[in-house]
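Results of the structural survey
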Amino acid sequence: MKASDTKATLSFSNGGQSVELPIYKGTMGPEVIDIRKLYAQTGMFTYDPGFMSTASCESAITYIDGDKGELLYRGYPIEQLATNCDFLETCHLLLYGELPNEGEKAAFTKLVTNHTMVNEQMQFFLRGFRRDAHPMAIMTGLVGALSAFYHDSTDINNPKHREIAAIRLIAKMPTLVAMAYKYTIGQPYMYPKNDLSYAGNFLHMMFATPCEEYKVSPVLERALDRIFILHADHEQNASTSTVRLCGSSGTNPFAAIAAGVACLWGPAHGGANEAALNMLYDIQKAGGVDKIGEFIKQVKDKSSNVKLMGFGHRVYKNYDPRAKLMQETCREVLGELGLENDPLFKLAMALEKIALEDEYFVSRKLYPNVDFYSGIVQRAIGIPVPLFTAIFALARTVGWIAQLNEMIGDPEYKIGRPRQLFEGSPKRDVQPISKR
Ligand code: ACO
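About the cut-offs
- Residues numbered from 1 in each chain as written.
- Predicted model: local features only at pLDDT ≥ 70, side-chain atom pairs only at ≥ 80, totals over all residues.
- Heavy atoms only, no water.
- Salt bridge = Lys/Arg side-chain N within 4 Å of Asp/Glu carboxyl O.
- Buried < 20%, exposed > 50% of the residue type's maximum accessible area, 1.4 Å probe, protein only.
- Core = buried A, V, L, I, M, F, W, Y, C linked by side-chain atoms within 4.5 Å.
- Contact = heavy atoms within 4.5 Å.
- Near = heavy atom within 4 Å.
- Polar contact = N/O pair within 3.5 Å; in protein donor to acceptor, adjacent residues only side chain to side chain.
- Areas by Shrake-Rupley, 256 points an atom, 1.4 Å probe, with all protein chains shown as cover.
- Axes fitted to C-alpha atoms, helices over the stretch in contact; angles between N-to-C directions.
- Helix = DSSP H or I, 4+ residues; strand = E, 2+ residues; numbered from the N terminus.
- Parallel < 35°, antiparallel > 145°, perpendicular 65-115°, else oblique.
- Left-handed = near helix turned anticlockwise from the far one by under 90°.

Right, let's talk about the pattern of salt bridges for a bit. Side chains carrying opposite charge are able to pair once their charged atoms draw close together. Taken as a whole and judged by the stated rule, the model has 15 salt bridges. For Arg130, the salt bridge is made with Asp132, and the minimal N-O distance between the two is 2.7 Å. The class of Arg130 is exposed, set by a relative accessible area of 60%. Each of Asp34, Arg36 and Glu412 takes part in salt bridges that share partners, so that together they form one network.

Listed below in structure tokens is the structure:
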């Protein structure tokens, strides 16, 4: 952390003594005011629900410029990674800081591939769920349960344990998501196949059956790999902050990642791709493109509580760069599958066009986010809607674990413990029950 020459001075209108606060410069992005000693110096906390102006940590992993619509993993633009690298190279970059050379890539791929199977006992654990359970309910349980199976990688203070846990989580997430899917449709689980790529193997575990040969389509494999890359990390979003906060207590990595999965489930976060596709289905059912005007009217009416899902972002106040790449993949996949005239895709394009021209969305800088198109791609691949968020969790696992390991490796890290502005009753006495 580099201190800036400038300092911030906080003064009080009641004549209280002003305080000087240090300012730090990152390599890019806004500078930060260090308020760590504010309480000791003034007896006051800062108030920032939703962390609108608070940097919760130092990080060297992902950088977003929301106004420019720019996303960098370890300095590399997402567009270059999505077109020149595969997901495992991206995982190596996020975890270790650099893209692998050929030898490193081969070694890393081998390492991950060798950890794709899960303990056979996991099958019995899975059986406890209802067949109609939501995949995210299953995933929250399964990921947390990994800590009961891999006792040799649960000590968060041991760097070797952290590294093995990272590899295990990246390797096993596709297996767990595919198992959750197979369980809900009553098909046998498919074991991972080590001669397939990470995305190809996932397609195999999802769609193959023991009865016949399954051939992985290179276009679908590439599309899925791109979905994984685009979702791999996104700096201090809600689920990543959850993982950091959960991990800050010293809990094991599997438990911390399970907390991230639970957070991601929400419709304002990872659940948005599912919600976006369901929204398109609803408009389609109501009459399709002709009903867009009516729908947009509802969205603009605050009392309706209807949102245009897949639009808007806390950080991007410009087109989400991932949405552009996803739109490109969407066209490629629909072309490959002969679905160019897919009514849902056409509806999405029409909705996007109208929203991008509408004053309500323009003035609020609401642009499509990655979820607007990723649902259409996944549906075309054959992935059922309730599984979308589980796939997001699969892809985000590397980001979560990289961020968690970065935090634990930082000698300055402390348990996260926000404070509050108390608005409840002052101290009072309990009355006997007959007098209440
Ligand atoms: N539809 C309609 N209006 C919207 C939308 C939307 N999708 N998003 C924001 N707005 C409006 C708000 O009502 C608010 O209007 P106001 O100023 O008149 O009160 C204004 O735009 C600003 O929005 P905020 O809610 O303050 O923005 P915030 O940063 O808190 O929320 C969020 C961001 C949660 C992503 C929001 O845009 C949203 O709910 N979008 C739909 C869900 C979605 O697509 N989530 C995916 C996020 S990306 C991801 O997780 C990968």
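Here we take up the nonpolar core. Among the nonpolar cores identified, the biggest contains 117 residues, and Phe228 and Leu351 are the most heavily contacted of them. For Leu351, the contacting residues outside a window of four places in its chain are Met279, Leu280, Ile283, Ile292, Phe295, Ile296, Leu308 and Phe372. In this structure, Ala8, Leu21, Ile23 and Leu38 belong to the second largest nonpolar core, which totals five residues.

To continue, consider the site of the ligand. In the vicinity of the ligand, 20 residues are found, and the nearest of them are Lys302, Leu308, Gly310, Arg314 and Tyr360. Side-chain polar atom of Arg314 to an oxygen atom of the ligand: 2.7 Å apart, as the coordinates give it. A distance of 2.9 Å separates a nitrogen atom of the ligand from a polar atom in the side chain of Tyr360. In isolation the ligand has 920 Å² of accessible area, and contact with the protein removes 74% of it.

This part covers the packing of helix 9 (residues 218–230) against helix 14 (residues 321–336). Contact geometry of helix 9 with helix 14 gives a least axis separation of 10 Å together with a crossing angle of 165°. Taken as axis vectors, helix 9 and helix 14 run roughly antiparallel relative to one another. Seen from above, helix 9 lies across helix 14 with left-handed handedness. For the pair helix 9 and helix 14, contact is made by Val219, Leu220, Arg222, Ala223, Arg226, Ile227 and Leu230 and by Arg322, Leu325, Met326, Glu328, Thr329, Glu332, Val333 and Glu336, respectively.

Positionally, Arg396 belongs in helix 18 (residues 388–409). Setting aside residues up to four positions removed in sequence, Arg396 forms contacts with His231, Ala232, Asp233, His234, Asn237, Ser239, Thr240, His269 and Arg322.

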